[in-house]
Amino acid sequence: MKQIYELLAITLGAILSNNFIFSQFLGCCPFLGVSKKVDTATGMGIAVTFVMGLASAVCYVVNELVLVPLKLEYMQTVAFILVIAALVQFIEMFLQKSMPSLYTALGVYLPLITTNCAVLGVVLLNVQNNYNFISSVVYGITGGLGFLLAIVLFASIRERLVFADYPKAFEGFPIALVTAGLMALAFMGFSGLRIW
(Lines give C-alpha, C1' and ligand atoms only; values in the text may rest on other atoms or scores of the structure.)
Protein backbone atom coordinates (compact mmCIF):
# COMPACT_ATOMS: atom_id res chain seq x y z
CA MET A 1 0.00 0.00 0.00
CA LYS A 2 2.90 2.36 0.78
CA GLN A 3 4.30 1.77 -2.73
CA ILE A 4 0.96 2.77 -4.27
CA TYR A 5 0.87 6.01 -2.23
CA GLU A 6 4.45 6.75 -3.26
CA LEU A 7 3.64 6.20 -6.94
CA LEU A 8 0.52 8.35 -6.61
CA ALA A 9 2.57 11.12 -4.99
CA ILE A 10 5.15 10.89 -7.80
CA THR A 11 2.38 11.01 -10.41
CA LEU A 12 0.57 14.02 -8.97
CA GLY A 13 3.84 15.78 -8.30
CA ALA A 14 5.18 15.32 -11.82
CA ILE A 15 1.95 16.39 -13.50
CA LEU A 16 0.72 19.21 -11.26
CA SER A 17 2.77 20.51 -8.35
CA ASN A 18 6.27 19.80 -9.65
CA ASN A 19 5.64 20.23 -13.37
CA PHE A 20 8.84 20.32 -15.43
CA ILE A 21 7.80 23.45 -17.31
CA PHE A 22 6.11 25.56 -14.66
CA SER A 23 7.97 24.54 -11.51
CA GLN A 24 11.42 23.38 -12.57
CA PHE A 25 11.73 25.40 -15.80
CA LEU A 26 13.06 22.44 -17.78
CA GLY A 27 12.12 22.02 -21.42
CA CYS A 28 11.22 25.67 -21.97
CA CYS A 29 12.80 25.79 -25.45
CA PRO A 30 10.34 23.37 -27.12
CA PHE A 31 7.58 24.68 -24.85
CA LEU A 32 7.92 28.16 -26.31
CA GLY A 33 9.01 27.13 -29.81
CA VAL A 34 6.57 24.35 -30.69
CA SER A 35 3.46 25.68 -29.00
CA LYS A 36 1.87 27.83 -31.68
CA LYS A 37 -0.66 25.16 -32.72
CA VAL A 38 -2.36 22.50 -30.61
CA ASP A 39 -1.71 19.65 -33.05
CA THR A 40 2.04 20.26 -33.21
CA ALA A 41 2.18 20.73 -29.44
CA THR A 42 0.35 17.44 -28.95
CA GLY A 43 2.78 15.61 -31.24
CA MET A 44 5.76 17.04 -29.40
CA GLY A 45 4.23 16.24 -26.00
CA ILE A 46 3.50 12.62 -26.91
CA ALA A 47 6.98 12.13 -28.32
CA VAL A 48 8.58 13.66 -25.21
CA THR A 49 6.43 11.48 -22.93
CA PHE A 50 7.49 8.31 -24.77
CA VAL A 51 11.18 9.23 -24.74
CA MET A 52 11.10 10.32 -21.07
CA GLY A 53 9.59 7.00 -20.00
CA LEU A 54 11.99 4.96 -22.10
CA ALA A 55 15.02 7.04 -21.09
CA SER A 56 14.11 6.67 -17.42
CA ALA A 57 14.06 2.89 -17.75
CA VAL A 58 17.25 2.56 -19.79
CA CYS A 59 19.25 5.11 -17.79
CA TYR A 60 18.25 3.42 -14.52
CA VAL A 61 19.63 0.14 -15.83
CA VAL A 62 22.83 1.80 -17.13
CA ASN A 63 23.34 3.57 -13.82
CA GLU A 64 22.74 0.50 -11.63
CA LEU A 65 24.55 -2.08 -13.78
CA VAL A 66 27.45 -0.05 -15.18
CA LEU A 67 28.13 3.28 -13.49
CA VAL A 68 27.58 2.44 -9.80
CA PRO A 69 29.46 -0.93 -9.77
CA LEU A 70 32.43 0.64 -11.59
CA LYS A 71 32.30 3.73 -9.32
CA LEU A 72 31.76 6.03 -12.32
CA GLU A 73 28.93 8.08 -10.84
CA TYR A 74 30.73 11.26 -11.87
CA MET A 75 30.09 10.27 -15.51
CA GLN A 76 26.30 10.07 -15.12
CA THR A 77 25.51 13.23 -17.09
CA VAL A 78 27.70 12.24 -20.04
CA ALA A 79 26.43 8.65 -20.02
CA PHE A 80 22.79 9.76 -19.82
CA ILE A 81 23.21 12.23 -22.70
CA LEU A 82 24.70 9.45 -24.84
CA VAL A 83 21.91 7.05 -23.88
CA ILE A 84 19.20 9.62 -24.68
CA ALA A 85 20.78 10.49 -28.04
CA ALA A 86 21.09 6.79 -28.93
CA LEU A 87 17.49 6.11 -27.88
CA VAL A 88 16.16 8.95 -30.00
CA GLN A 89 18.19 7.71 -32.99
CA PHE A 90 16.94 4.13 -32.58
CA ILE A 91 13.34 5.31 -32.19
CA GLU A 92 13.70 7.48 -35.28
CA MET A 93 15.11 4.59 -37.34
CA PHE A 94 12.45 2.18 -36.04
CA LEU A 95 9.61 4.56 -36.87
CA GLN A 96 11.04 5.33 -40.30
CA LYS A 97 11.15 1.62 -41.20
CA SER A 98 8.06 0.25 -39.50
CA MET A 99 5.64 3.20 -39.22
CA PRO A 100 6.46 5.75 -41.93
CA SER A 101 3.19 7.65 -41.45
CA LEU A 102 3.93 8.28 -37.76
CA TYR A 103 7.53 9.15 -38.62
CA THR A 104 6.32 11.74 -41.13
CA ALA A 105 3.77 13.12 -38.67
CA LEU A 106 6.40 13.62 -35.95
CA GLY A 107 8.85 15.12 -38.45
CA VAL A 108 11.40 17.35 -36.81
CA TYR A 109 10.11 16.72 -33.28
CA LEU A 110 12.09 13.52 -32.71
CA PRO A 111 15.56 15.07 -33.22
CA LEU A 112 14.50 18.04 -31.06
CA ILE A 113 13.90 15.70 -28.13
CA THR A 114 17.62 14.88 -27.96
CA THR A 115 18.36 18.47 -26.91
CA ASN A 116 15.35 18.78 -24.59
CA CYS A 117 16.72 19.41 -21.12
CA ALA A 118 13.56 17.96 -19.51
CA VAL A 119 14.52 14.48 -20.73
CA LEU A 120 17.98 14.75 -19.19
CA GLY A 121 16.46 16.38 -16.11
CA VAL A 122 14.10 13.49 -15.44
CA VAL A 123 16.85 10.86 -15.48
CA LEU A 124 19.12 12.98 -13.28
CA LEU A 125 16.27 13.59 -10.82
CA ASN A 126 15.57 9.85 -10.74
CA VAL A 127 19.13 9.27 -9.54
CA GLN A 128 19.07 12.25 -7.16
CA ASN A 129 15.80 11.07 -5.55
CA ASN A 130 17.03 7.45 -5.29
CA TYR A 131 14.00 6.10 -7.13
CA ASN A 132 13.78 2.37 -7.84
CA PHE A 133 13.07 1.08 -11.34
CA ILE A 134 9.27 1.33 -11.17
CA SER A 135 9.33 4.77 -9.55
CA SER A 136 11.82 5.97 -12.17
CA VAL A 137 9.63 4.82 -15.05
CA VAL A 138 6.49 6.27 -13.45
CA TYR A 139 8.27 9.59 -12.86
CA GLY A 140 9.50 9.62 -16.46
CA ILE A 141 6.09 8.90 -17.96
CA THR A 142 4.13 11.22 -15.68
CA GLY A 143 6.74 13.96 -16.08
CA GLY A 144 6.15 13.64 -19.82
CA LEU A 145 2.40 13.80 -19.26
CA GLY A 146 2.91 16.98 -17.24
CA PHE A 147 4.94 18.39 -20.15
CA LEU A 148 2.15 17.35 -22.54
CA LEU A 149 -0.48 19.04 -20.36
CA ALA A 150 1.54 22.24 -20.12
CA ILE A 151 2.38 22.51 -23.82
CA VAL A 152 -1.16 21.70 -25.01
CA LEU A 153 -2.75 24.21 -22.61
CA PHE A 154 -0.22 26.85 -23.65
CA ALA A 155 -0.76 26.14 -27.36
CA SER A 156 -4.53 26.44 -27.00
CA ILE A 157 -4.13 29.80 -25.27
CA ARG A 158 -1.66 30.99 -27.92
CA GLU A 159 -4.13 30.09 -30.67
CA ARG A 160 -6.75 32.28 -29.01
CA LEU A 161 -4.26 35.13 -28.45
CA VAL A 162 -4.30 35.77 -32.20
CA PHE A 163 -7.76 37.29 -31.75
CA ALA A 164 -6.99 39.10 -28.49
CA ASP A 165 -6.66 42.84 -28.16
CA TYR A 166 -3.50 43.79 -26.26
CA PRO A 167 -0.92 46.61 -26.56
CA LYS A 168 1.31 46.56 -29.64
CA ALA A 169 4.41 46.24 -27.46
CA PHE A 170 3.24 42.77 -26.39
CA GLU A 171 2.84 41.33 -29.90
CA GLY A 172 4.60 38.06 -30.59
CA PHE A 173 6.98 36.60 -28.05
CA PRO A 174 6.36 39.04 -25.13
CA ILE A 175 2.70 38.07 -24.80
CA ALA A 176 3.75 34.40 -24.90
CA LEU A 177 6.12 34.98 -21.98
CA VAL A 178 3.45 36.83 -20.00
CA THR A 179 1.01 33.99 -20.66
CA ALA A 180 3.56 31.37 -19.60
CA GLY A 181 4.22 33.31 -16.40
CA LEU A 182 0.52 33.50 -15.57
CA MET A 183 0.15 29.77 -16.22
CA ALA A 184 3.12 29.08 -13.92
CA LEU A 185 1.39 31.12 -11.20
CA ALA A 186 -1.78 29.09 -11.70
CA PHE A 187 0.14 25.81 -11.42
CA MET A 188 1.83 27.13 -8.27
CA GLY A 189 -1.56 26.68 -6.61
CA PHE A 190 -0.94 22.93 -6.68
CA SER A 191 2.26 23.26 -4.60
CA GLY A 192 0.49 22.57 -1.30
CA LEU A 193 -1.30 19.49 -2.64
CA ARG A 194 -1.31 16.55 -0.21
CA ILE A 195 -2.70 13.12 -1.02
CA TRP A 196 -2.87 11.64 2.48
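Residues numbered from 1 in each chain as written. Predicted model: local features only at pLDDT ≥ 70, side-chain atom pairs only at ≥ 80, totals over all residues. Heavy atoms only, no water.

**Remarks on the layout of surface pockets**
- Taken as a whole, the second largest pocket encloses approximately 170 Å³ of empty space.
- Forming the boundary of the second largest pocket are Lys36, Arg158, Leu161, Val162, Tyr166, Gly172, Phe173 and Ile175.
- The set of elements that each furnish at least two residues to the lining of the second largest pocket consists of helix H8 (133–161) and helix H9 (173–188).
- The residue inventory of the lining of the second largest pocket, partitioned by class, reads 5 nonpolar, 1 polar and 2 charged. (1 Å grid on protein atoms, 1.4 Å probe; cavity = no way out; pocket = protein on both sides within 12 Å on 5 of 7 lines; lining within 4 Å. Points joined across faces, edges and corners; volume = space filled by probe spheres on them. Helix = DSSP H or I, 4+ residues; strand = E, 2+ residues; numbered from the N terminus. Nonpolar A, V, L, I, M, F, W, Y, C, P; charged D, E, K, R; others polar.)

**Looking at the side chain of threonine 179**
- Its location among the elements puts threonine 179 in helix H9.
- Beyond its immediate stretch of four places on either side in the chain, threonine 179 contacts Phe154, Ile157 and Leu161. (Contact = heavy atoms within 4.5 Å.)

**Some remarks on the packing of helix H3 (residues 38–67) against H8**
- One can describe the packing of H3 onto H8 by two numbers: an axis separation of 8 Å at closest approach and a directional angle of 165 degrees. Relative to H8, the element H3 is oriented roughly antiparallel. As H3 runs across H8, the sense of the crossing is right-handed.
- Looking at side-chain class alone, the contact of H3 with H8 contains 18 nonpolar, 10 polar and 1 charged residues. (Axes fitted to C-alpha atoms, helices over the stretch in contact; angles between N-to-C directions. Parallel < 35°, antiparallel > 145°, perpendicular 65-115°, else oblique. Left-handed = near helix turned anticlockwise from the far one by under 90°.)

**Notes on helix H4 (residues 76–98)**
- With 23 residues, H4 extends 32 Å from end C-alpha to end C-alpha; this agrees with the ideal 33 Å at 1.5 Å per step.
- For H4, every residue scored as buried is listed here: Gln76, Ala79, Phe80, Val83, Ile84, Leu87, Val88, Ile91, Glu92 and Leu95.
- Structurally, H4 contributes buried residues whose contacts are with H3, helix H5 (100–106), helix H6 (109–114) and helix H7 (117–128). (Expected span 1.5 Å × (residues − 1). Buried < 20%, exposed > 50% of the residue type's maximum accessible area, 1.4 Å probe, protein only.)

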